[in-house]
Amino acid sequence: MMEGGNNKEEAGPSRGLNFNEDKRKEELEEGDSEEDEHNQDPAADIITTSYVPGPLLSLKDQIEKDKEDESLRRWKEKLLGCLESDLNGQMEPEVKFHSVGILSSDFEEINTPLPIKEGQSKSVLFTLKEGSEYRLKLTFSVLHNIVSGLAYTNTVWKAGLQVDQSKGMLGTFAPQREPYIHMLEEETTPSGALARGIYTAKLKFVDDDKRCYLELNYSFEISKGR
(Lines give C-alpha, C1' and ligand atoms only; values in the text may rest on other atoms or scores of the structure.)
Protein backbone atom coordinates (compact mmCIF):
# COMPACT_ATOMS: atom_id res chain seq x y z
CA MET A 1 0.00 0.00 0.00
CA MET A 2 2.85 2.34 0.67
CA GLU A 3 6.08 3.36 -1.00
CA GLY A 4 8.41 5.94 0.53
CA GLY A 5 10.56 8.79 -0.77
CA ASN A 6 13.18 10.40 1.42
CA ASN A 7 13.12 14.13 1.91
CA LYS A 8 16.32 14.19 3.96
CA GLU A 9 19.89 13.85 2.82
CA GLU A 10 21.08 10.30 3.34
CA ALA A 11 24.26 9.35 5.15
CA GLY A 12 26.60 6.40 4.78
CA PRO A 13 26.14 2.83 6.01
CA SER A 14 26.18 1.87 9.69
CA ARG A 15 29.25 -0.29 9.36
CA GLY A 16 32.78 1.05 9.02
CA LEU A 17 32.80 3.87 6.49
CA ASN A 18 35.62 4.35 4.02
CA PHE A 19 35.44 8.14 4.10
CA ASN A 20 38.57 8.66 2.02
CA GLU A 21 37.23 6.46 -0.75
CA ASP A 22 33.77 8.02 -0.60
CA LYS A 23 35.22 11.53 -0.72
CA ARG A 24 37.39 10.67 -3.73
CA LYS A 25 34.35 9.23 -5.49
CA GLU A 26 32.40 12.41 -4.76
CA GLU A 27 35.18 14.57 -6.20
CA LEU A 28 35.49 12.38 -9.31
CA GLU A 29 31.74 12.51 -9.89
CA GLU A 30 31.82 16.30 -9.73
CA GLY A 31 34.86 16.77 -12.01
CA ASP A 32 34.80 13.94 -14.56
CA SER A 33 32.38 13.17 -17.34
CA GLU A 34 30.58 9.84 -17.35
CA GLU A 35 32.52 7.04 -19.07
CA ASP A 36 31.12 4.93 -21.88
CA GLU A 37 29.48 1.82 -20.45
CA HIS A 38 31.33 -0.34 -22.98
CA ASN A 39 34.67 0.79 -21.53
CA GLN A 40 33.86 -0.23 -17.99
CA ASP A 41 35.69 -3.11 -16.34
CA PRO A 42 33.54 -6.28 -16.71
CA ALA A 43 34.71 -7.35 -13.24
CA ALA A 44 32.94 -4.37 -11.65
CA ASP A 45 29.67 -6.29 -11.26
CA ILE A 46 31.50 -9.16 -9.59
CA ILE A 47 33.14 -6.78 -7.12
CA THR A 48 29.80 -5.20 -6.31
CA THR A 49 27.96 -8.46 -5.72
CA SER A 50 30.74 -9.94 -3.58
CA TYR A 51 30.94 -6.95 -1.22
CA VAL A 52 31.34 -7.96 2.43
CA PRO A 53 30.42 -5.30 5.06
CA GLY A 54 33.18 -4.23 7.41
CA PRO A 55 33.01 -4.52 11.19
CA LEU A 56 30.50 -2.38 13.06
CA LEU A 57 32.21 0.76 14.39
CA SER A 58 30.88 3.39 16.73
CA LEU A 59 30.20 6.70 15.06
CA LYS A 60 32.66 8.36 17.41
CA ASP A 61 35.42 6.04 16.20
CA GLN A 62 34.50 6.72 12.57
CA ILE A 63 34.76 10.47 13.06
CA GLU A 64 38.03 10.24 14.99
CA LYS A 65 39.70 8.32 12.18
CA ASP A 66 41.87 10.66 10.09
CA LYS A 67 40.84 13.58 12.32
CA GLU A 68 44.16 15.31 11.54
CA ASP A 69 42.79 15.87 8.02
CA GLU A 70 40.76 19.06 8.58
CA SER A 71 38.91 18.99 5.24
CA LEU A 72 37.99 15.32 5.70
CA ARG A 73 36.78 16.00 9.25
CA ARG A 74 34.51 18.80 8.03
CA TRP A 75 33.25 16.59 5.22
CA LYS A 76 32.41 13.83 7.71
CA GLU A 77 30.46 16.24 9.91
CA LYS A 78 28.50 17.47 6.91
CA LEU A 79 27.77 13.92 5.78
CA LEU A 80 26.81 12.62 9.20
CA GLY A 81 24.72 15.61 10.19
CA CYS A 82 25.72 15.53 13.85
CA LEU A 83 28.25 17.02 16.25
CA GLU A 84 31.06 15.01 17.79
CA SER A 85 30.10 16.26 21.26
CA ASP A 86 26.76 14.37 20.98
CA LEU A 87 28.39 10.97 20.51
CA ASN A 88 28.81 8.45 23.33
CA GLY A 89 30.63 5.59 21.59
CA GLN A 90 27.60 3.28 21.49
CA MET A 91 27.89 0.79 18.64
CA GLU A 92 24.26 -0.04 17.95
CA PRO A 93 22.06 2.58 16.26
CA GLU A 94 18.66 3.37 17.73
CA VAL A 95 15.57 4.60 15.89
CA LYS A 96 12.75 6.16 17.92
CA PHE A 97 9.44 6.69 16.14
CA HIS A 98 7.55 9.66 17.55
CA SER A 99 4.35 9.66 15.48
CA VAL A 100 2.59 8.38 12.39
CA GLY A 101 0.36 10.82 10.53
CA ILE A 102 -2.02 10.62 7.63
CA LEU A 103 -2.78 13.43 5.18
CA SER A 104 -5.84 13.29 2.95
CA SER A 105 -8.01 15.65 0.96
CA ASP A 106 -10.96 14.33 2.98
CA PHE A 107 -9.74 15.86 6.24
CA GLU A 108 -6.90 17.76 7.82
CA GLU A 109 -3.80 15.94 8.99
CA ILE A 110 -4.29 13.33 11.71
CA ASN A 111 -1.27 12.44 13.87
CA THR A 112 -1.02 9.53 16.27
CA PRO A 113 1.78 9.61 18.89
CA LEU A 114 3.90 6.47 19.13
CA PRO A 115 3.94 4.05 20.78
CA ILE A 116 0.17 3.82 20.73
CA LYS A 117 -1.69 3.21 23.97
CA GLU A 118 -2.77 -0.25 25.06
CA GLY A 119 -5.93 -1.25 23.27
CA GLN A 120 -5.64 1.55 20.72
CA SER A 121 -4.47 -0.87 18.04
CA LYS A 122 -7.95 -2.41 17.99
CA SER A 123 -9.72 0.92 17.57
CA VAL A 124 -9.92 2.67 14.20
CA LEU A 125 -7.10 5.22 13.91
CA PHE A 126 -8.52 6.88 10.79
CA THR A 127 -11.28 6.55 8.20
CA LEU A 128 -10.79 7.16 4.48
CA LYS A 129 -13.39 7.36 1.75
CA GLU A 130 -13.17 4.88 -1.11
CA GLY A 131 -11.18 6.21 -4.06
CA SER A 132 -9.53 8.93 -1.96
CA GLU A 133 -5.87 9.92 -2.08
CA TYR A 134 -3.72 9.93 1.05
CA ARG A 135 -0.13 9.96 2.29
CA LEU A 136 1.47 8.69 5.48
CA LYS A 137 3.98 10.79 7.40
CA LEU A 138 6.56 9.38 9.79
CA THR A 139 8.45 11.34 12.44
CA PHE A 140 11.44 9.60 14.00
CA SER A 141 14.88 10.18 15.51
CA VAL A 142 18.15 8.34 14.93
CA LEU A 143 20.56 8.02 17.86
CA HIS A 144 24.11 6.78 18.58
CA ASN A 145 25.12 5.50 15.12
CA ILE A 146 24.14 5.47 11.45
CA VAL A 147 21.15 3.27 10.62
CA SER A 148 21.68 1.69 7.22
CA GLY A 149 18.91 0.66 4.84
CA LEU A 150 15.91 1.43 7.03
CA ALA A 151 12.97 -0.30 5.34
CA TYR A 152 9.35 -1.13 6.09
CA THR A 153 6.75 -3.77 5.36
CA ASN A 154 3.05 -3.06 5.65
CA THR A 155 0.68 -6.02 5.78
CA VAL A 156 -3.10 -5.53 5.62
CA TRP A 157 -5.91 -7.93 6.50
CA LYS A 158 -9.68 -7.77 6.13
CA ALA A 159 -11.95 -10.23 7.90
CA GLY A 160 -8.90 -12.31 8.80
CA LEU A 161 -7.65 -12.62 5.20
CA GLN A 162 -4.47 -10.93 4.00
CA VAL A 163 -5.42 -8.53 1.20
CA ASP A 164 -2.19 -6.61 0.69
CA GLN A 165 1.49 -6.47 1.59
CA SER A 166 3.86 -3.75 0.49
CA LYS A 167 7.54 -3.09 1.10
CA GLY A 168 9.57 0.10 0.79
CA MET A 169 12.94 1.62 1.54
CA LEU A 170 13.18 4.77 3.64
CA GLY A 171 16.97 5.06 3.31
CA THR A 172 20.08 5.47 5.43
CA PHE A 173 20.12 8.06 8.21
CA ALA A 174 22.77 9.58 10.48
CA PRO A 175 22.14 10.72 14.05
CA GLN A 176 21.04 14.33 14.35
CA ARG A 177 19.45 16.54 16.98
CA GLU A 178 16.26 17.26 15.06
CA PRO A 179 13.79 14.45 14.18
CA TYR A 180 13.45 13.27 10.61
CA ILE A 181 10.11 13.78 8.88
CA HIS A 182 9.55 11.27 6.11
CA MET A 183 6.60 11.41 3.71
CA LEU A 184 5.57 8.24 1.95
CA GLU A 185 4.27 8.36 -1.60
CA GLU A 186 0.66 9.16 -2.31
CA GLU A 187 -1.75 6.23 -2.42
CA THR A 188 -5.39 5.77 -3.48
CA THR A 189 -7.85 3.64 -1.53
CA PRO A 190 -9.77 0.95 -3.45
CA SER A 191 -13.37 1.51 -4.49
CA GLY A 192 -16.49 -0.60 -4.50
CA ALA A 193 -18.77 -2.28 -1.99
CA LEU A 194 -16.25 -5.05 -1.29
CA ALA A 195 -13.54 -2.50 -0.49
CA ARG A 196 -15.55 -0.83 2.28
CA GLY A 197 -15.14 -1.90 5.86
CA ILE A 198 -12.57 -2.16 8.63
CA TYR A 199 -9.02 -3.37 8.01
CA THR A 200 -6.26 -4.41 10.39
CA ALA A 201 -2.61 -3.83 9.54
CA LYS A 202 0.93 -4.25 10.81
CA LEU A 203 3.67 -1.76 9.93
CA LYS A 204 7.19 -3.03 10.64
CA PHE A 205 10.57 -1.25 10.35
CA VAL A 206 13.93 -3.06 10.05
CA ASP A 207 17.41 -2.12 8.85
CA ASP A 208 20.08 -3.89 6.78
CA ASP A 209 21.25 -5.76 9.88
CA LYS A 210 17.69 -7.06 10.51
CA ARG A 211 17.26 -4.93 13.63
CA CYS A 212 13.55 -4.34 14.21
CA TYR A 213 12.78 -0.85 15.54
CA LEU A 214 8.98 -0.87 15.52
CA GLU A 215 6.03 -3.18 14.95
CA LEU A 216 2.87 -1.10 14.79
CA ASN A 217 -0.51 -2.85 14.80
CA TYR A 218 -3.38 -0.58 13.82
CA SER A 219 -6.85 -0.52 12.28
CA PHE A 220 -8.45 1.77 9.72
CA GLU A 221 -11.71 2.00 7.82
CA ILE A 222 -12.69 2.63 4.20
CA SER A 223 -16.13 4.18 3.96
CA LYS A 224 -18.53 4.96 1.09
CA GLY A 225 -17.48 7.86 -1.11
CA ARG A 226 -19.46 10.97 -1.90
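Predicted, not measured: the structure shown is a model, and the values here were computed from it.

1. Describing the overall build of the chain
Scanning the chain for helices and strands turns up four helices and ten strands. Secondary structure elements of the chain, listed N to C terminal, follow the sequence α-α-α-α-β-β-β-β-β-β-β-β-β-β. Expressed as a percentage of the 226 residues in the chain, the buried residues total 38%. In the chain, the share of contacts with a sequence separation of at least 24, taken over all contacts with a separation of at least 6, comes to 77%.

2. As for the pairing of strand β4 (residues 133–143)
Across the eleven residues of β4, eight count as buried, placing the element largely inside the fold. By the bridge criterion, ten bridges tie strand β1 (residues 94–104) to β4 in an arrangement that is antiparallel. Paired with E94 across the strands is L143, a residue of β4. The pairing of β4 with strand β7 (residues 180–183) spans four bridges and is antiparallel. Residue pairing across strands places F140 opposite Y180, the latter belonging to β7.

3. Concerning the packing of aromatic side chains
Under the defined criterion, the tally for this structure stands at ten aromatic pairs. Ring geometry for Y152 against F205: centres 6.4 Å apart, planes inclined by 55°, an arrangement best described as tilted. Here Y152, found in strand β5 (residues 147–158), pairs with F205, found in strand β9 (residues 197–206); they are 53 residues apart in sequence, far enough to count as distant. We classify Y152 as buried; its relative accessible area is 2%. Aromatic ring contacts, followed pair by pair, group F97, F140, Y152, F173, Y180 and F205 into a single cluster.

4. Focus on the sheet that holds β9
As summarised here, the arrangement of the five strands in space is β3-β10-β9-β5-β6, forming an open sheet in which the pairing is mixed. The open sheet has two edge strands, β3 (124–129) and β6 (161–173), and neither has a second partner. With strand direction ignored, the average angle separating the axes of adjacent strands in the sheet is 25°. Here β3 pairs with strand β10 (residues 212–223) via five bridges, running parallel. Following the sheet pairing, V124 is matched in β10 by S219.

So, how was this worked out
Residues numbered from 1 in each chain as written. Predicted model: local features only at pLDDT ≥ 70, side-chain atom pairs only at ≥ 80, totals over all residues. Heavy atoms only, no water. Helix = DSSP H or I, 4+ residues; strand = E, 2+ residues; numbered from the N terminus. Buried < 20%, exposed > 50% of the residue type's maximum accessible area, 1.4 Å probe, protein only. Contact = heavy atoms within 4.5 Å. Pairing = 2+ DSSP bridges. Phe/Tyr/Trp six-rings, centres within 6.5 Å; stacked < 30°, edge-to-face > 60°. Axes fitted to C-alpha atoms, helices over the stretch in contact; angles between N-to-C directions.

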